[in-house]
Amino acid sequence: MKKNIPVVLPLFLSLLLASCASVAHYSAIDNEVSTGNYPGAYAKVQASKDKYRNIDYVLYKLDAGLLAHYAGAWSDSSKLLTDAERGIESAFTKSVTREASSYLVNDNTKEYAGDDYEDVYLNVFNALNYYHKGSIEDAFVEIRRVDNKLKFIATKYNRAISNAQQATLEKSPGIPYDPEQATVKFTNSALARYLSMIMYRSQGEDDDARIDRDKVKLAFADQPSVYAFPLPTSLDDELAVPRGKARLNVMCFYGPAPIKNENTTRIPIGPGNWIKIALPVITQRPTAVARVEVTLDSGQTFTVEKIEDLGAVAAETFKQKASFIYFKTIMRSVAKTSSSVLLEKGAKKANDSGAGLLLSVLSVGAQVYAEASEQADLRISHYFPSKAAVGGITLDPGTYSFTVRYYNASNGLVHEERFQNVTVAAGGLNLTEAICIK
């Protein structure tokens with residue numbers, strides 16, 4: 001029987017390996033994204049669909065939906081992002097109603113329910129999908145969904161956190177917790193409000209456009225931790241277009257999405273035993289882009305200025321979910337380690353030396369399993385941008401060609417995107433999107 005004991009660890013490890021999401025397929029997709037070949041990236045993610053586990057349904061829909069959007073496949077993107085939204089709602093309901101007691105190994109074995117920032121911004125991109133398809137009405141519906149979700153975020157996990165905290169304190173009253181760290185301070189998206197503003201302007205609904213402009217300003221004023229940069233200087237110009245003139249707007253998305261890294265803490269609970277707490281932490285990735293400029297073939301230029309830091313929003317809106325994960329992880333880790341402690345106590349009390357040795361070995365194996373199996377869930381969508389920037393210029397109605405150029409902090413050219421023969425009509429919404437995920 002003792003000879004079979006070493007078999008336990010490989011079995012544990014094989015279980016863990018099976019629970020980890022593969023990321024190898026991202027390399028080929030990333031290569032296409034880095035060169036701006038978004039149709040190629042979209043084709044590659046479709047070809048890699050079988051690399052996503054069934055429980056990563058939402059992750060695939062988000063990755064494919066964003067790449068379809070960048071590739072200009074508006075209908076595909078809309079369907080994929082709508083599927084992702086429904087998947088997020090379904091998976092969230094399951095994860096919260098089951099709560100921490102249902103997690104036996106780690107969160108990687110459960111359906112990915114998305115992060116709140118993904119749930120919010122998928123509607124922004126879906127609004128843009130509908131705009132490109134010519135349906136402003138449907139675009140407005142998506143923007144209203146953003147507003148509704150933001151109202152819900154601050155209280156989304158309250159009940160689940162309270163229940164998990166109570167259960168955790170009953171098991172480990174000494175576990176530290178700062179409720180302020182779980183307070184989400186993001187209830188108003190300047191990007192969504194800006195998009196709504198220029199859509200209202202295009203419909204001639206000036207009062208609603210002014211309300212949204214003011215809400216953009218409030219977003220900056222009331223949420224300095226998220227909007228730690230100046231308000232776009234062109235904001236007021238958007239509502240000061242002279243009669244008979246036309247407004248060309250350019251919205252740029254740039255920079256790579258944030259990722260998650262594991263932050264590990266170990267709390268000793270006795271000789272040879274500890275509780276491992278492995279938590280996901282939002283980590284920002286740097287962008288090569290420092291500024292964006294648009295140059296018309298006529299020689300006119302204007303700057304496209306940052307309006308949203310999606311990476312900062314990701315970190316802010318992750319706070320409540322992180323708190324829920326914190327308590328779940330403690331409960332799960334305590335349960336795993338407790339078996340090791342009980343086995344070790346049994347070993348010390350055993351009258352038979354062989355039984356004592358067996359229990360002692362099993363105790364070590366249980367602690368090894370607790371250590372190896374406790375892994376943070378690092379899943380997150382890969383292809384959201386980290387920054388959004390906006391700008392515009394008032395022109396005579398007509399057809400224009402222009403170049404969007406992205407520069408680094410040393411004024412070196414990072415990327416440029418060419419737009420040919422763009423119709424700029426009076427009284428309409430003339431919005432061009434540019435993408436640089438670098």
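Residues numbered from 1 in each chain as written. Predicted model: local features only at pLDDT ≥ 70, side-chain atom pairs only at ≥ 80, totals over all residues. Heavy atoms only, no water.

J.: Break down the overall build of the protein for me, citing the residues and quoting the values.
T.: Of the regular secondary structure elements, the protein holds 12 helices and 9 strands. Every one of the 438 residues in the protein was classed for burial, and the buried ones make up 52%. Excluding contacts between residues fewer than 6 apart, the proportion of contacts in the protein whose partners are at least 24 apart in sequence is 77%. Looking at the protein as shown, the accessible area adds up to about 19,200 Å², and 54% of this sits on carbon and sulfur atoms. (Helix = DSSP H or I, 4+ residues; strand = E, 2+ residues; numbered from the N terminus. Buried < 20%, exposed > 50% of the residue type's maximum accessible area, 1.4 Å probe, protein only. Contact = heavy atoms within 4.5 Å. Areas by Shrake-Rupley, 256 points an atom, 1.4 Å probe, with all protein chains shown as cover.)

J.: Just give me the short version of helix 2 (residues 26–34), but keep the residues and values in it.
T.: All of the buried residues in helix 2 are Tyr-26, Ile-29, Glu-32 and Val-33. The buried residues of helix 2 all sit within an arc of 125° when viewed along its axis, so they share a single face. Residues of helix 2 that are buried sit in contact with helix 3 (38–47) and helix 4 (57–70). Following helix 2 by one or two positions, Gly-36 has its phi on the positive side, about 80°. (Arc of directions from axis to C-beta.)

J.: Describe in detail helix 7 (residues 136–153), supporting the description with residues and values.
T.: Taking 1.5 Å of rise per residue, the 18 residues of helix 7 would be expected to cover 26 Å, and the 26 Å separating its terminal C-alpha atoms lies within 8% of that figure. All buried positions along helix 7 are accounted for by Ile-136, Ala-139, Phe-140, Glu-142, Ile-143, Val-146, Asp-147, Lys-149, Leu-150 and Ile-153. (Expected span 1.5 Å × (residues − 1).)

J.: Explain the layout of surface pockets residue by residue, including any values.
T.: Roughly 400 Å³ of internal volume is contained in the second largest pocket. Taken together, 21 residues form the lining of the second largest pocket, with Arg-201, Asp-206, Val-241, Pro-242 and Gly-427 sitting closest to its centre. Among the secondary structure elements, those contributing two or more residues to the lining of the second largest pocket are helix 9 (190–202), helix 10 (206–222) and strand 1 (246–254). The dominant element in the lining of the second largest pocket, judged by the number of residues it contributes, is helix 10, at 3 residues. When its residues are assigned to classes, the lining of the second largest pocket shows 8 nonpolar, 6 polar and 7 charged. (1 Å grid on protein atoms, 1.4 Å probe; cavity = no way out; pocket = protein on both sides within 12 Å on 5 of 7 lines; lining within 4 Å. Points joined across faces, edges and corners; volume = space filled by probe spheres on them. Nonpolar A, V, L, I, M, F, W, Y, C, P; charged D, E, K, R; others polar.)

J.: Explain empty space enclosed by the protein to me, and be specific about the residues and the numbers.
T.: Tallied over the full model, the rule gives 1 cavity of 30 Å³ or more. For the largest cavity, the calculated volume is near 30 Å³. Taken together, Asp-107, Ala-278, Pro-280, Ile-325, Thr-329, Arg-332, Glu-374, Gln-375, Ala-376 and Asp-377 make up the lining of the largest cavity. Sorting the residues of the lining of the largest cavity by element identifies strand 3 (273–283) and helix 11 (310–349) as the ones contributing at least two each. When its residues are assigned to classes, the lining of the largest cavity shows 4 nonpolar, 2 polar and 4 charged.

J.: Give me the lowdown on the pattern of salt bridges, citing residues and values where you can.
T.: Under the counting rule described, the total for this entry stands at 28 salt bridges. Notably, a salt bridge pairs Lys-149 with Glu-85, separated by 2.7 Å at the nearest N-O pair. Here the residue Lys-149 occupies a position in helix 7, and Glu-85 occupies one in helix 5 (residues 74–98), the gap between them amounting to 64 residues. Classification of Glu-85 by relative accessible area gives buried; the value is 9%. Residues Asp-116 and Lys-156 are paired through a salt bridge, measuring 2.6 Å at the closest nitrogen-oxygen approach. Taken as a pair, Asp-116 in helix 6 (residues 116–132) and Lys-156 in the loop between helix 7 and helix 8 (158–171) lie far apart in primary sequence, 40 residues in all. By relative accessible area, Asp-116 is classed as buried at 4%. Exposure remark for Lys-156: the relative accessible area of 13% places this residue in the buried category. (Salt bridge = Lys/Arg side-chain N within 4 Å of Asp/Glu carboxyl O.)

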